[in-house]
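Given next are the chains, with one letter for each unit.
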Amino acid sequence: MLLKKKLRLHRIFLITWKTDIVMLVLTVMAYFVDIYLFPDIFVPPTVATLMGTALAFFIGFNNNQAYSRWWEARIVWGGLINESRNLSRDLVAYLNPGIRDNRGKSATEIAHEIVYRHLGFVMLFKDSLRKIKGGDYSKYLTQEELDKIGTVSNGYNAIMNMQARQLGDLYHQGLIDGFQFRTLSTTITNINNDMGRAERINNTVFPPTYIYFTELFVYLLVILITLSSVQAIGPWSIFFGWVIGFVYHTTHINGLSILNPFDMQPTSIPLDSISRTIEINVLETIGAKDIPPPLAALENGEYIL
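Residues numbered from 1 in each chain as written. Predicted model: local features only at pLDDT ≥ 70, side-chain atom pairs only at ≥ 80, totals over all residues. Heavy atoms only, no water.

## A look at the overall build of the protein
Quick reminder of the rule: Numbering goes from the N terminus for both helices and strands, where a helix is a DSSP run of H or I of at least four residues and a strand is a run of E of at least two. C-alpha atoms define the radius of gyration, and 2.2 Å times the number of residues to the power 0.38 defines the globule rule.
When its secondary structure is counted, the protein shows nine helices and zero strands. Listing each helix as α and each strand as β along the protein from the N terminus yields α-α-α-α-α-α-α-α-α. Relative to the 2.2 N^0.38 estimate, which gives 19 Å for 305 residues, the radius of gyration of the protein is 27 Å and therefore markedly larger than a compact globule would have. Across its three principal axes, the protein shows a C-alpha extent of roughly 95 × 35 × 30 Å.

Quick look at the structure:
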């Protein structure tokens, strides 16, 4: 996620340079075709105007849909932060310090076990959304738990099943009452709901035809603007055709940059930073040691991942 209000010039260049070259070549070609091959053909400026107006609506729709995906993803992970804090806080509050479960584990050990397993879920879920194999989750899971999730297709969902079963065991052993069980169970359900919403965003592909035709129409608009202004301003039609194309293309790129909010891009949701925030908050709540520091911003404070 970008942190600074102003983009650096080099980042704008990195984002747009390939298309800038393509548009410059198209405007030059359109100029010379009009001058030397078809000098008698006149393209009315209204054609480019109508094309530009239609394309503006098209790009606006694309960007609106892209931002909706990005914002929902941010809401989902904001919810995970809140529910993670609730889970650790309620465990500390509800588990009587003097109790032990049928395995002989104390309240502190039980709380640590559930919280560590939750952190394993967060790390594994983050890696799954990004389609990478980070492996950070393994430090919070026991070997037995790692073996269990290794036999199923959805490891982080298996972790949530373990959480639900342990809460049920605590209730049946009388270590938490009915109200406490419902509260903790509701938190697990809310986490599961957030998980499903994030999966829906990640697994729903934005129609590629929208992206393809938008880029095609931008190139067509650049050609039309150049052809319609050659006779009025001569070689300057190349520059103005490129400038208007740059505006449309950059606006389109803004939408594409947040279209897949879980990618590892500067404009994506900062899953690493959010996961570290969850990690710090819940470990502090249960009084754990060796709490990691917040993640530093990258590229001289320009963005976080």
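From this point on, the discussion continues.
## Some remarks on the packing of helix α5 (residues 155-172) against helix α6 (residues 178-203)
Two packed helices can be described by the angle between their axes and the distance between those axes. Put simply, the rule is: Helix axes are fitted only over the stretch in contact, all axes being lines through C-alpha atoms; the angle between N-to-C directions runs from 0 to 180 degrees. Under this scheme an angle from 65 to 115 degrees is roughly perpendicular, one under 35 degrees roughly parallel, and one over 145 degrees roughly antiparallel; angles in between are oblique. The contact criterion used is simple: two residues touch if any of their non-hydrogen atoms lie within 4.5 Å. Classification used: nonpolar for Ala, Val, Leu, Ile, Met, Phe, Trp, Tyr, Cys and Pro, charged for Asp, Glu, Lys and Arg, polar for all others including Gly.
Look at α5 against α6: their axes get within 10 Å of each other, and the N-to-C directions meet at 170 degrees. Comparing their axes, α6 and α5 come out roughly antiparallel. Touching Tyr156, Asn157, Met160, Gln163, Leu167, Gly168 and Tyr171 of α5 are Gly178, Phe181, Leu184, Ser185, Ile188, Ile191, Asn192, Met195 and Glu199, all from α6. Tallied by class, residues from the contact of α5 with α6 come to nine nonpolar, six polar and one charged.

## What about the packing of helix α2 (residues 45-94) against helix α7 (residues 208-233)?
Under the convention used in this document: A clockwise turn of the near helix away from the far one marks a right-handed crossing, whereas an anticlockwise turn of less than a right angle marks a left-handed crossing.
Where α2 meets α7, the axes come as close as 9 Å, and the angle between the chain directions of the two elements is 155 degrees. For the element pair α2 / α7, the angle class is roughly antiparallel. For α2 against α7, the interelement crossing comes out left-handed. Contacts from Pro45, Val47, Ala48, Met51, Gly52, Leu55, Phe58, Ile59, Phe61 and Asn62 in α2 reach Tyr210, Phe213, Thr214, Phe217, Val218, Leu220, Leu221, Leu224, Ile225 and Ser228 in α7. Counted by class, the contact of α2 with α7 contains 16 nonpolar, four polar and no charged residues.

## Focus: the nonpolar core
Across soluble globular proteins, nonpolar side chains have a tendency to be buried as a group. To keep things clear, this is the line we draw: Working definition of a nonpolar core: buried Ala, Val, Leu, Ile, Met, Phe, Trp, Tyr and Cys residues. They are joined through side-chain atoms within 4.5 Å. Only protein chains enter the calculation, and the probe is 1.4 Å; a residue is then buried if its accessible area is under 20% of its type maximum, exposed if over 50%, and partly exposed in between.
The biggest cluster of nonpolar side chains holds 53 residues, and the ones touching the most others in it are Trp77, Leu95, Phe121 and Phe125. Of all the elements in the fold, those that place two or more residues in this core are α2, α3 (107-130), α5, α6 and α9 (271-285). Residue contributions to this core peak at 11 residues, all from α3. In this structure, tryptophan 77 is in contact with Val122, Phe125, Lys126, Leu129, Phe262, Leu271, Ile274 and Ser275, ignoring residues within four places of it in sequence.

## Quick notes on α3
Selection criterion: Each helix should span, by expectation, one fewer than its residue count multiplied by 1.5 Å.
When the terminal C-alpha atoms of α3 are compared, their 35 Å separation across 24 residues agrees well with the 34 Å that a helix rising 1.5 Å per residue should span. Taken across its 24 residues, α3 has 20 buried, putting it largely inside the fold. Two residues or fewer past α3, lysine 131 is found with a positive phi of approximately 60 degrees.

## Looking at the side chain of glutamate 199
Rules: Positive: Lys, Arg. Negative: Asp, Glu. His and the chain ends are not part of the count. Salt bridge, as applied in this entry: a Lys or Arg side-chain nitrogen positioned within 4 Å of an Asp or Glu carboxyl oxygen.
In this fold, glutamate 199 is placed in helix α6. The buried charged residue glutamate 199 lacks any salt bridge, with arginine 200 as its nearest oppositely charged partner at 9.1 Å. Residues within four places of glutamate 199 in sequence aside, it is in contact with Phe125, Asn154 and Tyr156.

## Topic: the packing of aromatic side chains
Rule in force here: Between rings of Phe, Tyr and Trp, where Trp is taken as its six-membered ring, a pair exists when centres lie within 6.5 Å; planes separated by under 30 degrees are stacked, by over 60 edge-to-face, and by other angles tilted.
Going through the model one piece at a time under the given rule, you end up with 21 aromatic pairs. Taking the centre distance of 5.7 Å and the plane angle of 40 degrees together, the rings of tyrosine 116 and tyrosine 140 count as tilted. Remark: tyrosine 140 occurs in the loop between α3 and α4 (143-149) and tyrosine 116 occurs in helix α3; sequence separation between them is 24 residues. The buried category is assigned to tyrosine 140, whose relative accessible area is 12%. Ring centres of phenylalanine 239 and phenylalanine 240 lie 5.5 Å apart, and the angle between their planes is 75 degrees; on these two criteria the pair is classed as edge-to-face. The exposure class of phenylalanine 239 is partly exposed, given its relative accessible area of 41%. Overall, the relative accessible area of 39% leaves phenylalanine 240 in the partly exposed class. One aromatic cluster in this structure is built from Phe58, Phe61, Phe206, Tyr210, Tyr212, Phe213 and Phe217.

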